Amino acid sequence: MNPNLNRLSEKARNLTHDPGVYLMKDKKGEIIYIGKAKNLKNRVSQYFQPNNPSHTEKVRRMVENVEDFDYIVVGSEFEALVLECSLIKQNAPKYNILLKDDKGYHYIRVEKGPYPRITAQKQLIKDDGADYLGPYTSSYSVTQTVDEVNKIFGLPTCGKKFPQEFRKTRPCLNYHIKQCMGVCRGRISEEEYRAVFDEALAYIKKGGGSLLERLQKQMEAAAESLDFERAARLRDRIRAIRHIADTQKVFLINSKEQDVIAFAQNMNHAAVAVLKFRNYRLSDKDDYVFPDVYDLPTVRQEFLNQYYLQNSDIPPRILIDEPFDGDALLAEYLSEKLGRKVSILVPQRGDSKKMVEMAFQNATEKLSKQVLRTGREVAALDELGKLLGLKKPPVYIEAYDISNIGESAKVGGMVVFENGRPLKKAYKKFKIREVEGQDDYSSMREVLTRRLSHYVEEQGSGEGFGRLPDLILLDGGKGHVSAILPVIAQFGLDIPVFGMVKDSRHRTRAIAKDGGEIAISGNRAAFSFVTTVQDEVHRYSINYQKTVHKQSALEITITRVPGIGKKKAEALLKAYKTRADLLAASPEALQKTAKVKIETANELYDFLHALE
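No experiment lies behind these values; they were computed from the predicted model shown.

A. Quick peek at the overall build of the chain. When you go through the chain residue by residue, the secondary structure sums to 20 helices and 19 strands. Taking 2.2 N^0.38 as the reference for a compact globule, 612 residues should give roughly 25 Å; the C-alpha atoms of the chain span a radius of gyration of 34 Å, well beyond that estimate. Dimensions along the principal axes, computed over C-alpha positions, put the chain at roughly 100 × 80 × 45 Å. By residue count, 46% of the 612 residues in the chain fall in the buried class. Restricting to contacts in the chain with at least 6 residues of sequence separation, those with at least 24 account for 61%. Of the roughly 31,900 Å² of accessible surface on the chain, a fraction of 49% belongs to carbon and sulfur atoms.

Here it is, written out as structure tokens:
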């Protein structure tokens, strides 16, 4: 605990109630965090309350390093917002979200010589004999433009050299799907190729409008001169250009310029993607990854404030995935800065909602590379966390199922998913011991009680039973949830518990909570993930139940041997899990395990082999 806490708390209590900006400093006097407040006294005092439950791990670490703080009183919360972002940009404090401008410059490289190529280049290389278009600040727009041009005009993107490698290999897949003209076949002259190549350059430099008119006239001329093969190629090129244009405009019907922003979180990392639409097309993309994130709403607020207060390219319409504290204040400031109204919106349906989902996919893909998970896994946990109202995506999930056949084979299974993937070394099996009859609710209570009792004993380890889950999923409805919540409360724990509900065809239908259900079919990634979890815990429990059933049947069978009672049979089956293990045991080994006379062991040995 910070030894200066009492002194800092006393200083905070003497602050004004006016709005302002506060600056936390370490022992060296360096600023480590900058924040704004509508009420300085109330906001700053919260930091120095001992064991404040609202503090995230990151805030606790920051407070541990605070030696002193300073503050600046301003006239309004609006002024505090502007000053906060200005000071963050100047000082780059350790514990603030920082935006680094590390995009650099990018170029479009245009080769010379026979059969030249068009490629994206991260830096200009002098004296390589090529021409360069640029520089561009956006790698996304450069890559998109190059890919687009090569597909429309069928330019080769392979590593072959022409004309040296004419007819040496078969055309690749790009030729067969009509994304390459197939220069490698050796049937396209250098003059024909050059004409197409020049059209591709014109498309990059001037756009598709004037080029379409020229290609249309060329197609009509080729048709009139009965050169139908050339006319067909030109027709396909015209269609490709129009298709690209239509694809780029598909979402933006009513708004010429807008930014679309979405965040994704996994473990203690977050990512944001900003899709920038200009002149009815996706023209650029910014993305950032932030480590050490425990509170995504705070990250959302800090990022959006800094991103737009430091940015001169502000569209009149900004779509975001979730509302944030101060969104109206930011919109007011941006409207004043731009000289026209700027709207910050959270779309709920239609094309705007689809665009936010597209931004979310980009954010999950960016984040997946950081946390070494697929974009689908990141999206599933993010969706599930939001759907269930959790503070952050669940990283460590335990799922439970009860399976039984009569009194002799009642079992429970626990499977674990970490970061969206099965963690099989953490799976656990439970044989129901205390419940009479087929009572799934009581059986589930027994399983969870035993699991949490192990936690009490092993919590210091932080592994296996010593680690608490972020979420518990039960194979069952709200009745199962209601049965388990008192067990969680009994141990003084706060773990979210939900059920996984199946339909009449045993397919996942909904998530059950205490008192109702949550439909999940509309959330594709979360739906697929929960289905996987439910199928896995059911498979695991059923397999264990079958094993126990077989052991029970074998136990009953070997008690038919004189001198082998229930307890001796249990001892044998504990040492030898299967019939094959028993058959492989010698009479001497059977005698030692069951603690019987050698005559009884020999009789058991003969009995087992007579069954085969």
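That covers the picture; the talk isn't over yet.
B. Structural context of the nonpolar core. Residues V260, L384, L388, I397, L473, F498 and F529 are the most contacted members of the largest nonpolar core, which totals 42 residues. Those residues within four positions of F498 in sequence are excluded, and the remaining contacts are L388, L390, L471, I472, L473, L474, V481, I511, A512, K513 and I518. Of all hydrophobic cores here, the second largest spans 32 residues; its members include Y193, Y203, L212 and I241.

C. Quick peek at the packing of helix α4 (residues 77-91) against helix α10 (residues 296-309). At a minimum axis separation of 10 Å, α4 and α10 run at an interaxial angle of 80°. Looking at the two axes, α4 sits roughly perpendicular to α10. For the pair α4 and α10, the contacting residues are L81, V82, E84, C85 and I88 in the first and N305, Q306 and L309 in the second.

D. Just the environment of R237, in detail. Along the polypeptide, R237 turns up in helix α9 (residues 228-249). On the basis of relative accessible area, R237 is assigned to the buried category, the value being 9%. In sequence terms R237 and I188 are 49 residues apart; their C-alpha atoms lie 16 Å from each other. Setting aside residues up to four positions removed in sequence, R237 forms contacts with I152, F153, V196, E199 and L215.

E. View of the pairing of strand β10 (residues 317-320). Bridge count for strand β7 (residues 258-266) against β10 is three bridges, and the pairing is parallel. Residue pairing across strands places I261 opposite I320, the latter belonging to β10. The pairing of β10 with strand β11 (residues 343-345) spans three bridges and is classified as parallel. Counted as the bridge partner of I318 is I344 from β11.

F. Quick look at the sheet that holds strand β8 (residues 269-278). An order of β9-β8-β7-β10-β11 is seen for the five strands of this open sheet, with the pairing classed as mixed. Of all strands in the sheet, those bounded by a partner on one side alone are β9 (281-290) and β11. For this sheet the average axis-to-axis angle between neighbouring strands, irrespective of direction, equals 15°. This element, helix α12 (residues 350-371), spans β7, β8, β9 and β10 of the sheet and lies at about 45° to β7.

G. Representation of the pattern of salt bridges. Applying the stated criterion to the full structure yields 26 salt bridges. Among the ionic pairs, E67 bridges to R7, the shortest N-O distance being 3.8 Å. With E67 in the loop between α3 (57-64) and β3 (68-73) and R7 in helix α1 (residues 5-13), this residue pair connects regions lying 60 residues apart in the sequence. For E67, a relative accessible area of 27% puts it in the partly exposed group. For R7, a relative accessible area of 41% corresponds to the partly exposed category.

H. Region of interest: α4. Across its 15 residues, α4 extends 21 Å between first and last C-alpha, which sits within 8% of the 21 Å expected from 1.5 Å per residue. Listed as buried for α4 are F78, A80, L81, E84, C85, L87 and I88. Considering only its buried residues, α4 is in contact with β1 (20-25), β2 (31-37), β3, α10 and α11 (327-338). Looking one or two residues past α4, A92 carries a phi angle of roughly 45°, positive in sign.

I. Inspection of unusual backbone geometry at higher detail. Cis geometry is adopted by the peptide bond preceding P163, which originates at F162 and carries an omega value of 5°. Note on placement: P163 falls in the loop between α5 (139-153) and α6 (173-176). Positive phi, normally seen in glycine, also occurs at N419, with a value near 55°. One can find N419 in the loop between β13 (409-418) and β14 (421-422). Of note, K595 is a non-glycine position whose phi angle comes to about 55°, a positive value.

J. How the structure looks around the sheet that holds β3. Ordered by their spatial adjacency, three strands build an open sheet running β2-β1-β3, and the pairing between neighbours is antiparallel. The outermost strands of the open sheet, each flanked by one partner alone, are β2 and β3. For this sheet, the mean inter-axis angle between neighbouring strands, taken without regard to orientation, is 20°. Relative to β2, β1 is paired through six bridges, and the arrangement is antiparallel. Looking at the pairing, G20 lines up with A37 of β2. Relative to β1, helix α2 (residues 40-47) is tilted by about 25°, and along the sheet it contacts β1, β2 and β3.

K. Region of the structure containing the packing of helix α19 (residues 587-594) against helix α20 (residues 598-610). Relative to each other, α19 and α20 sit at 120°, their axes nearing to 8 Å. Where α19 crosses over α20, the two elements pack in a sense that is right-handed. Between α19 and α20, the residues in contact are P587, E588, L590 and Q591 and I598, A601, N602, L604 and Y605, respectively. Each residue belonging to the contact of α19 with α20 can be placed in one class, and the counts come to six nonpolar, two polar and one charged.

L. Quick look at the packing of aromatic side chains. Under the definition given, this model contains 23 aromatic pairs. Each ring, one from Y193 and one from F197, has its centre 6.2 Å from the other, and the planes form 20°; the classification is stacked. Taken together, the positions of Y193 and F197, both in helix α7 (residues 190-206) and four residues apart, correspond to about one turn of that helix. Of the two residues, Y193 and F197, both sit in the buried class. Between the NZ or CZ atom of K11 and the centre of the ring of F69, over which it lies, the distance is 4.6 Å. In this structure, R467 is placed above the aromatic ring of Y396, and the distance from its NZ or CZ to the ring centre is 3.8 Å.

Rules behind the numbers
- All chains use their own residue numbering, which begins from 1 and follows the written sequence.
- Per-residue local features are limited, in this predicted model, to residues with pLDDT of at least 70; the limit for side-chain atom pairs, both in listing and counting, is 80 or more; totals at the level of whole chains, interfaces and linings are taken over all residues.
- Note that the side-chain values use all heavy atoms of the structure and ignore hydrogens as well as water.
- Each helix is a run of H or I in the DSSP string that is no shorter than four residues. Each strand is a run of E no shorter than two, and both are numbered from the N terminus.
- With the radius of gyration taken over C-alpha atoms, the globule rule is written as 2.2 Å times the number of residues to the power 0.38.
- Note on classification: 1.4 Å probe, protein chains only; a residue is buried when its accessible area is under 20% of the maximum for its type, exposed when over 50%, partly exposed between these limits.
- Residues are treated as being in contact if the distance between any of their heavy atoms lies within 4.5 Å.
- Accessible surface area values rest on a Shrake-Rupley calculation with a 1.4 Å probe, where residue burial reflects the displayed protein chains alone.
- The term nonpolar core refers to a set of buried residues drawn from Ala, Val, Leu, Ile, Met, Phe, Trp, Tyr and Cys, joined through side-chain atoms within 4.5 Å.
- Throughout, an axis means a line fitted to C-alpha atoms (over the contacting stretch in the case of helices), and angles, computed between N-to-C directions, take values from 0 to 180 degrees.
- Orientation is classified from the angle alone, with under 35 degrees giving roughly parallel, over 145 giving roughly antiparallel, 65 to 115 giving roughly perpendicular, and any other angle giving oblique.
- Criterion used throughout: strands pair if DSSP finds at least two bridges between them.
- When a carboxyl oxygen of Asp or Glu lies within 4 Å of a side-chain nitrogen of Lys or Arg, that pair is called a salt bridge.
- For a helix, the expected span equals 1.5 Å multiplied by the residue count minus one.
- Each helix crossing is assigned a hand: it is left-handed if the near helix lies turned anticlockwise from the far helix by less than a right angle, otherwise right-handed if that turn is clockwise.
- By the convention adopted, Pro, Cys, Tyr, Trp, Phe, Met, Ile, Leu, Val and Ala count as nonpolar, Lys, Arg, Asp and Glu as charged, and the other residues, Gly among them, as polar.
- Pairing of aromatic rings covers Phe, Tyr and the six-membered ring of Trp, with a centre-to-centre limit of 6.5 Å; geometry is then stacked below 30 degrees between planes, edge-to-face above 60, and tilted otherwise.
- For a Lys NZ or an Arg CZ to count as sitting over a ring, it must be within 6 Å of the ring centre and within 35 degrees of the ring normal.

In short, geometric facts, not functional conclusions.
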